[in-house]
Amino acid sequence: LYFHGGMYTIEANTGHKNWLELLFTHLDCKITYVDYSLAPENNYNETIKMVVKTYQFLTNKYPNDKFILMGDSAGGGLALVLAQYLRDNQFDNEPEKLILYSPWIILDMHNPEIQSMAKKDFFLDVHLLKNAANIYAGGSDLSHKYLSPYFGSYKDLGEIHIFYGSDEILAPDITLFKMKCKEEHAEATFQCFENMQHVFQLFTFLPESMAVLRKTIEIFS
């Protein structure tokens, strides 16, 4: 299952389509792109209900399949939230692995190191992210674990694989994510690509993007 990025307010783009097509040509598996509910029409409660129903539908339809959750940026955060929700509520056929590209895991953007990164990241804007987060939260505390999955637990989620760039705004929070995974002894691997921007993985003309593609294919095997 793939969840696209876009600050929970923007639809997927051709970069997502091209990435999924590349994966499909290299993998012997089903791929489901989830066009999940967006803000401002919906808040996180509606979005989580929608993705949980989607997961239930697919696991009921394909009970013998193994499931992997994937996503970039906000979609990476949502994939992590879904995995936590499924574990917390003891669902059957929980996902075996998560593959997250530049995941947005702390929505408040309060990390003091973010400001120094803002000059390097040409794609993300702190003010836009904060505004989108508040709209998506619908008045709820941004530290709620189903909004900012950093504040949840990473135990018993299966394998977690994270790919991100050194020059993106979210890198400081992903570093905190890495530290917490280590503290909880979670089965997680982090790969930081130097001088890369946010969701560089989707820019398939980059050699670094192709390196992530190869590593992603290895995770499926």
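The present account deals with the structure reproduced in this document. (Residues numbered from 1 in each chain as written. Predicted model: local features only at pLDDT ≥ 70, side-chain atom pairs only at ≥ 80, totals over all residues. Heavy atoms only, no water.)

### Let's talk about helix H5 (residues 126–137)
Reasoning step 1: Look at H5: 16 Å from first C-alpha to last across 12 residues, which is about the 16 Å you get at 1.5 Å a residue.
Reasoning step 2: Taken together, the buried positions of H5 are Val126, Leu129, Ala132, Ala133, Tyr136 and Ala137. On an axial view of H5, the arc spanned by its buried residues comes to 130°, and they lie on one face.
Reasoning step 3: Among the structural elements, helix H2 (44–61), helix H3 (74–88) and helix H4 (114–118) are those in contact with the buried residues of H5.
Reasoning step 4: With a side-chain oxygen lying 3.0 Å from the backbone nitrogen of His127, the N-terminal cap of H5 falls on Asp125.
Reasoning step 5: Two residues or fewer past H5, Gly138 is found with a positive phi of approximately 60°. (Helix = DSSP H or I, 4+ residues; strand = E, 2+ residues; numbered from the N terminus. Expected span 1.5 Å × (residues − 1). Buried < 20%, exposed > 50% of the residue type's maximum accessible area, 1.4 Å probe, protein only. Arc of directions from axis to C-beta. Contact = heavy atoms within 4.5 Å. Polar contact = N/O pair within 3.5 Å; in protein donor to acceptor, adjacent residues only side chain to side chain.)

### Here's the deal with the packing of aromatic side chains
Reasoning step 1: What the rule picks out here adds up to 16 aromatic pairs.
Reasoning step 2: Between Phe123 and Phe203 the ring centres are 5.4 Å apart and the planes differ by 40°, which places this aromatic pair in the tilted class. On the criterion of sequence distance, the pair formed by Phe123 in the loop between H4 and H5 and Phe203 in the loop between strand E6 (188–193) and helix H7 (207–220) is long-range, its members being 80 residues apart.
Reasoning step 3: With a centroid separation of 6.0 Å and an interplanar angle of 75°, the aromatic rings of Phe203 and Phe205 are classed as edge-to-face.
Reasoning step 4: Overall, Phe205 belongs to the exposed group, its relative accessible area being 66%.
Reasoning step 5: One aromatic cluster is present, built from ring pairs that chain together Phe3, Tyr8, Tyr36, Tyr44, Trp104 and Tyr136.
Reasoning step 6: Its guanidinium or amino end placed over the ring of Tyr62, Lys30 lies 4.5 Å from that ring's centre, counting from NZ or CZ.
Reasoning step 7: Looking at Lys180, its charged tip hangs above the ring of Tyr150, at a distance of 4.9 Å from the centre. (Phe/Tyr/Trp six-rings, centres within 6.5 Å; stacked < 30°, edge-to-face > 60°. Lys NZ or Arg CZ within 6 Å of the ring centre and 35° of its normal.)

### Describing the environment of Leu124
Reasoning step 1: Here Leu124 is to be found in the loop between H4 and H5.
Reasoning step 2: Note on Leu124: relative accessible area 13%, which makes it buried.
Reasoning step 3: As for Leu124 and Asp92, which are separated by 32 residues in sequence, their C-alpha atoms are 37 Å apart.

Worth remembering: the numbers are spatial, not functional.
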